[in-house]
Amino acid sequence: MSWQSSPRARVPGAVVVAAALAMSTIITLTLYLRLSLVTATLQTPLPLPTAASTDNEEATIQILGHRLEPTHPRLFANTSKWASLPDQIPGDEYLSKWNRTIFRQADEMLSLPPPDYKKDGTSGILDIARTVQLRIKHWAYAYRLTNDPKWKDRIWKEIVHTAGNSTGASFGTQGDSWNTDHWLDVGEFLVAFGIAYDWLYDAWTAEEREGIRWSVVDLGLRKGLESFERKEWFLGVTGNWNCVTVGGMIVGALAVLGDDTSGVARSLLGRAVENAEQHCGKSVDESGTWAETPDYWHFGTQAHAQLSSGLLTSLGSTFGMLDSHPKFRETGMFHIHNIGMTEKFNYGDCGPSKITATANSLFFYGREYGIPEYGLFQRDRPDAADPLSMLWYESSLKGEWHDHLPLDKAFSDPSGAWVSLRSSWTDSNGVFVAMKGGKMTGHATHGNLDAGDFVLDALGERWATELCQDSYDAPGYFSSEDQDSVRWDYYRCGTAGQNTIVHNNSNQVVDAEPTVKFESTLVTQKTKGKTDAGGFWIADLTQAYDGMSIKRGVRLLPERSKVLIQDEITDALETSQWRMHTKAHITYSNSGRIAHLRLNGKALDVLLLSPRAAVFRTTKPVRSPKLHPLSGGREDLPNPGVSVLAVDLPPGSLTVSVIFCPISDPRVQCSFTSPVPLSEWSLL
């Protein structure tokens, strides 16, 4: 079955005419213009490519004022980079290790059948699209380094199937196989097919190239043009939706530019580049914190780095993608400081499976921004082995990534304020505490009502844990960020599902803007001493509680071996509850004022210094029976293995002071001390 005989990949009539003319004569610039104008579905095209001379075999094509790299591959690396890899790999321990891992993974995927088309609720076929991209990227890399036809053959099988061109099974809706009902799917497929087209360009026959090219154009790029005409919502937002979808358009267009006689790629590229620069490139706040959540940082920066790198290697410019927001260069530090001793400070939605999304954007950012710490950090991470790492990593990197990084860092922009405090960068048994205090809206409906929320790592375990998201298919889950949104009814999204104070069994005020204060000695791992007082952070959460004064402070105590969290509540008219979710087994002593947490053979004691009349108790991670039940038959996801360490608090003014003491030596016990008012906290 020829590619063009399939109704799912039919070539438009204008292109058939162009192909016929090309067989008899070289298409001149004038004819190129005429063909572009008669293509029925196109928008007004950008300035047309210009040929350096009509007798050149490779015409010089100008796109957006820059020369298009005429040879393939040109996505993410040029031919010289690919040619140098075989000599670089044996002499670099990281490249060698990653190369082995990539080939092992490529082999493991080789015998897997093409994926079935199956929508996953509101997530469409996103996991399928990302799986296809992961496979094609690995197989294309393997082909470029070996020229073994088995890799090309397997890519072709995947492409024919997921373009809806297989005789054995259909793939989605005819003409919309990549599912524009969920635009992320289209973006990921465009990257997959773009890589296949570009990295194996010379390996494909003319007919195969044409088939892949028209899948890119008809199933992806033309849909992208239509999205601009309709002003689809993702074109006006920051975050991963814009980066992934518009980034896919850019990568797909760059792959086929120069060959696409329909003009679609040219017409779309200018719009997509401008849009990504204004939205994807501004997906961080003034501290470098990602606009959505720490997990969505992976999806967004992966796509941002890909589109920026693709533009750089294809056209010689990133078109402002790296500096449209002056603090984008800081987003790598957001990621690094967000990683604790066990995992991320994973506030808000944790998102779907990563599959293709890694933190390897740090290699690209480190190289382009001149921040070696990014690459030095990422090269030892478990997700570092990836074909793009082989192209972005700088083998010349030397030194330790943490030598000059402070152990404490506050990200203080009110739109996403949070703090990271730790005892060490390299001791997996060290102490890490992070706390959030920024706005709870403006996070693409992925945030929670979680001002004052915290996580705590010590002794290689996470003691104060996050619950991540509820089901994305739950009714109303993404309805809005309004105060009365259905989203906040779900336990994991409302205030009760966070590690913070719940007042009067109520959610926090969604549009609150807590203010913060941060002080630290800013010591590094190399400069800290036993007398280091540790840093502290105080958040005024009053707005989050509708004007009732609550201030929350967190600090590391001397030697950075213990953590103090202190709340000051003033003139509360109703009861409150201090809450912390944990997977540890809990017992009590000292009349309930000491909680003994045990997890995987490790021990941590929690001391309630004040109020003196209060005690700890254990409760379940479920909705309060005092709240109305979820409507419409909705149910919260269960939280198996999780308990809530709680303190019930009466109305009035009081100080809640809690010390967390990791027990590395049973002979050393923590002792009760008198709380110091937050106003008197200092580094002395």
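Here the residue numbering is sequential within each chain, running from 1 through the sequence in written order. Local features in this predicted model are restricted to residues of pLDDT 70 or higher, and side-chain atom pairs are both shown and tallied only at a pLDDT of 80 or more, whereas totals for entire chains, interfaces and linings draw on every residue. Computation of side-chain values covers all heavy atoms of the structure but excludes hydrogens and water.

## With respect to the sheet that holds strand E18 (residues 643–649)
Piece 1. The strand order across the open sheet formed by 4 strands is E8-E13-E18-E17, and the pairing between neighbours is antiparallel. Two strands bound the open sheet, and with one partner strand each, they are strand E8 (501–503) and strand E17 (616–619). Here the strands of the sheet are splayed against their neighbours by 35° on average, with no regard to which way each runs.
Piece 2. Pairing between two strands requires that DSSP report at least two bridges joining them. In this text, helices come from DSSP runs of H or I with a minimum length of four residues, and strands from runs of E with a minimum of two, each type numbered from the N-terminal end. One ladder, built from 7 bridges, connects strand E13 (residues 576–582) with E18; its direction is antiparallel. Bridge assignment links Thr 582 to a residue of E18, and that residue is Ser 643. To get an axis, a line is fitted to the C-alpha atoms, and for a helix only the part in contact is used. The angle between two axes follows their N-to-C directions and goes from 0 to 180 degrees.

## So, the packing of helix H9 (residues 240–256) against helix H11 (residues 294–315)
Piece 1. The geometry of H9 relative to H11 is characterised by a closest axis approach of 8 Å and an angle of 25° between their N-to-C directions. In terms of axis orientation, H9 runs roughly parallel to H11. Viewed along their axes, H9 and H11 form a crossing whose handedness is left-handed. Contacts between H9 and H11 involve Asn 240, Cys 243, Val 244, Gly 247, Ile 250, Val 251 and Leu 254 from the first element and Tyr 296, Phe 299, Gly 300, Ala 303, His 304, Gln 306, Leu 307, Gly 310, Leu 311, Ser 314 and Leu 315 from the second.
Piece 2. When its residues are assigned to classes, the contact of H9 with H11 shows 11 nonpolar, 7 polar and no charged. These descriptions rest on fixed angle ranges, namely under 35 degrees for roughly parallel, over 145 for roughly antiparallel, 65 to 115 for roughly perpendicular, and the rest for oblique. Left-handed describes a crossing whose near helix is turned anticlockwise from the far helix through less than a right angle; right-handed describes the clockwise counterpart. For this analysis, residues touch if any pair of their heavy atoms sits within 4.5 Å. By the convention adopted, Pro, Cys, Tyr, Trp, Phe, Met, Ile, Leu, Val and Ala count as nonpolar, Lys, Arg, Asp and Glu as charged, and the other residues, Gly among them, as polar.

## Quick look at the pairing of strand E5 (residues 432–436)
Piece 1. E5 sits mainly inside the fold: 5 of its 5 residues count as buried.
Piece 2. Here 5 bridges tie strand E4 (residues 418–422) to E5, and the two strands are oriented antiparallel to one another. Within the sheet, the bridge partner assigned to Trp 418 lies in E5 and is Lys 436.
Piece 3. As paired elements, E5 and strand E6 (residues 454–458) share 4 bridges and run antiparallel to each other. Bridge pairing in E6 places Met 435 opposite Phe 454. Using a 1.4 Å probe on the protein chains alone, a residue whose accessible area is under 20% of its type maximum counts as buried, one over 50% counts as exposed, and one in between counts as partly exposed.

## A closer look at the packing of aromatic side chains
Piece 1. Stacked, edge-to-face and tilted are the three classes for Phe, Tyr and Trp ring pairs, Trp counted by its six-membered ring, which pair at centre distances within 6.5 Å; planes under 30 degrees apart are stacked, over 60 edge-to-face, the rest tilted. Inspection of every chain in the model, using the stated rule, returns 40 aromatic pairs.
Piece 2. Relative to Phe 299, the ring of Tyr 296 lies with its centre 5.5 Å away and its plane at 50°, an arrangement referred to as tilted. Residue Tyr 296 and its partner Phe 299 are located together in helix H11, separated by 3 residues, close to a single helical turn. Note on accessibility: Tyr 296 and Phe 299 belong to one class, buried.
Piece 3. Grouped by ring-pair contacts, the aromatic residues Phe 76, Trp 82, Phe 103, Tyr 141, Trp 151 and Trp 199 constitute a single cluster.
Piece 4. Lying across the ring of Trp 82, Arg 144 places its NZ or CZ 5.3 Å from the centre. Think of it as a cone above the ring: NZ of Lys or CZ of Arg counts as a charge over the ring if it is within 6 Å of the ring centre and within 35 degrees of the ring normal.

## Digging into the side chain of Glu 373
Piece 1. Its location among the elements puts Glu 373 in helix H14 (residues 372–378).
Piece 2. Note on charges: Lys and Arg go in the positive column, Asp and Glu in the negative column, and His and the chain ends are not counted at all. Just to be clear on terms, a salt bridge is a Lys or Arg side-chain nitrogen sitting within 4 Å of an Asp or Glu carboxyl oxygen. Buried and without a salt bridge, Glu 373 has Arg 329 as its closest oppositely charged side chain, separated by 8.5 Å.
Piece 3. Sequence-distant contacts of Glu 373, defined by excluding residues within four places in its chain, comprise Met 333, Ile 336 and Trp 401.

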